[in-house]
Amino acid sequence: MQTRLPQPELHSDRLRLRDVRDDDASALFSIHSNPQVMRYWSYPAWTELAQAEQKVADIQRQRRELDILIWAIADADSDQLIGTSALFALDLTQGRAEIGYSLHPDWQHRGLATEALRLILRYAFDALQLRRVEADADPRNEPSCRLLEKLGFVREGLLRERWNVNNEICDTAFYGLLRHDFKIG
């Protein structure tokens, strides 16, 4: 059996990035059932807690079977899941990966997503020695686009009509971040 990448725990003063656990399902549901959060995702908001429970099981399976890193973004004091982030499509030979993230609206506008992504990107570039991380965002999701650009990501293109969510055809703004362009602080 092939050894998978270890899931590191990452810390800042305000955040603990850790494994997703079974008891995170209800907090995950509160994020992914929120139409405001899911407005620009590639699938619609969840309607049942069972979807979150299945997602937790899927994350745990993916961690066992694939080289994918998935973090629960947790409040450092309470350890409550307030968001998630993942490094996926990892190709260590090519030195690249993709990143995704979400944060509950009650925790937005505090710089926490920036803080979490800085921890992950520092790990990606330093520990994994990646040279490139990619992200895609709905171009109408201005806060997400600003977050990526604040970290040094460059908008490299537009993928037209990439997603169909709730019968709405949506574009994707495609971003790339090179190690030497990463803005640490």
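In the block above lies the structure referred to throughout.
Rules behind the numbers
- Residues numbered from 1 in each chain as written.
- Predicted model: local features only at pLDDT ≥ 70, side-chain atom pairs only at ≥ 80, totals over all residues.
- Heavy atoms only, no water.
- Helix = DSSP H or I, 4+ residues; strand = E, 2+ residues; numbered from the N terminus.
- Buried < 20%, exposed > 50% of the residue type's maximum accessible area, 1.4 Å probe, protein only.
- Contact = heavy atoms within 4.5 Å.
- Polar contact = N/O pair within 3.5 Å; in protein donor to acceptor, adjacent residues only side chain to side chain.
- Salt bridge = Lys/Arg side-chain N within 4 Å of Asp/Glu carboxyl O.
- Expected span 1.5 Å × (residues − 1).
- Arc of directions from axis to C-beta.

## A word on the side chain of T114
Right, so step 1: Looking at the element boundaries, T114 is found in helix α4 (residues 112–126).
Right, so step 2: Under the relative-accessibility criterion, T114 is labelled buried at 8%.
Right, so step 3: Among all residues touching T114, those that are not within four sequence positions of it are L147, K150 and L151.

## Considering the side chain of R18
Right, so step 1: Among the secondary structure elements, R18 is positioned in strand β2 (residues 15–18).
Right, so step 2: Within the local environment of R18, its side chain forms a polar contact with the side chain of D24, the two groups lying 2.8 Å apart.
Right, so step 3: A polar side-chain atom of R18 sits 2.9 Å from a polar atom in the side chain of D79.
Right, so step 4: Ignoring any residue separated from it by four or fewer positions in sequence, one finds R18 in contact with E9, D24, I70, W71, A72, A74, D79 and L81.

## Things to note about the pattern of salt bridges
Right, so step 1: Considering all chains together, one arrives at 16 salt bridges under this definition.
Right, so step 2: The salt bridge partner of E9 is R16, with a shortest N-O separation of 2.9 Å.
Right, so step 3: The exposure class of R16 is partly exposed, given its relative accessible area of 23%.
Right, so step 4: Close ionic contact of D138 with R140 constitutes a salt bridge, the shortest N to O distance being 2.7 Å.
Right, so step 5: Judged by its relative accessible area of 6%, D138 falls in the buried class.
Right, so step 6: Residue class for R140 comes out partly exposed when judged on its relative accessible area of 35%.
Right, so step 7: Three or more residues joined by partner-sharing salt bridges are found here, namely E9, R16, R18, R21, D23, D24 and D79.

## Observations regarding helix α3 (residues 49–65)
In an α-helix, one turn spans 3.6 residues, which is why side chains three or four residues apart end up on the same side.
Right, so step 1: Its 17 residues give α3 an end-to-end C-alpha distance of 24 Å, which sits within 8% of 24 Å, the value for a rise of 1.5 Å per residue.
Right, so step 2: Along α3, the positions that sit buried rather than exposed are A52, V56, I59, Q62 and R63. Along the axis of α3, the buried positions cluster into a sector of 125°, meaning they face one direction only.

This is a description of form; function is not addressed.
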